[in-house]
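# Observations on the three-dimensional arrangement
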Amino acid sequence: MEVALFEPEIPPNTGNIARLCVNVGVPLRIIGNPSFDLSEKAVRRAGLDYWHLLDFQQFPDWEAYRRTKKEQRFLFFTKFGATNLWDIQFRESDCLVFGKETKGLPPDLLETVPIGEKVYIPMVEDSRSINLSNAVAIVVYEAFRQIEHRKLSSK
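Keep in mind that what you see is a predicted model, and the values were worked out from it rather than measured.

The subject of this paragraph is the confidence of the model for the chain. Chain-level pLDDT for the chain is 88 on average; 90% of the residues reach the 70-or-more range. Low pLDDT, under 50, characterises residues 149-155; the stretch is placed with eight contacts to residues that sit more than four places away or in other chains.

Right, let's talk about unusual backbone geometry for a bit. Glycine aside, residues mostly have negative phi angles, and peptide bonds mostly take the trans form. With a phi close to 45°, Glu-7 is a non-glycine residue in the positive phi region. With respect to the element layout, Glu-7 can be found in the loop between strand 1 (2-6) and helix 1 (11-24). Taking relative accessible area as the criterion, Glu-7 reaches 24% and is therefore assigned partly exposed.

Another point: the environment of Thr-14. One can find Thr-14 in helix 1. With 77 residues separating them along the chain, Thr-14 and Arg-91 place their C-alpha atoms 24 Å apart. Apart from residues lying up to four places away in sequence, Thr-14 is in contact with Leu-5, Pro-8, Ile-30 and Phe-36.

With that settled, consider the state of the cysteines. Within this structure, the stated rule accounts for zero disulfides. Cysteine Cys-95 remains unbridged, with the sulfur of Cys-21 as its closest cysteine sulfur at 12 Å.

Calculation notes
Residues numbered from 1 in each chain as written. Predicted model: local features only at pLDDT ≥ 70, side-chain atom pairs only at ≥ 80, totals over all residues. Heavy atoms only, no water. pLDDT = per-residue confidence, 0-100. Contact = heavy atoms within 4.5 Å. Helix = DSSP H or I, 4+ residues; strand = E, 2+ residues; numbered from the N terminus. Buried < 20%, exposed > 50% of the residue type's maximum accessible area, 1.4 Å probe, protein only. Disulfide = S-S within 2.5 Å.

Encoded structure:
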């Protein structure tokens, strides 16, 4: 399983997601250019002392990322999804794709996605959205709950 962020915009969100990925052993992929610097120097200056533990890759665009995946299923998380998160049966090989904080996933990309792969996180009516790092945490932990990918010990 891996988390893919499409052109993230807010550094603390990406930092929180990276820490989550390290803590559960999930790779993080960035698609396109984030709106901030991810160089080694910038990461060190930001105090992300766990970054060296992260399985991280960046891809120039969606097609470059997609070409690296053969048998994996893509699940696209969007408020315009047709499938409720609770109805997904997660697989260990799933690629969990999330959009920009302000715009979500690009409409032209979503148009190419099968309806069942567009997933939404349930919220009460009239809610606008959930913070990106919170949304990723909700999804990743639900996936782990289902597939028992790794037993986390509590201290």
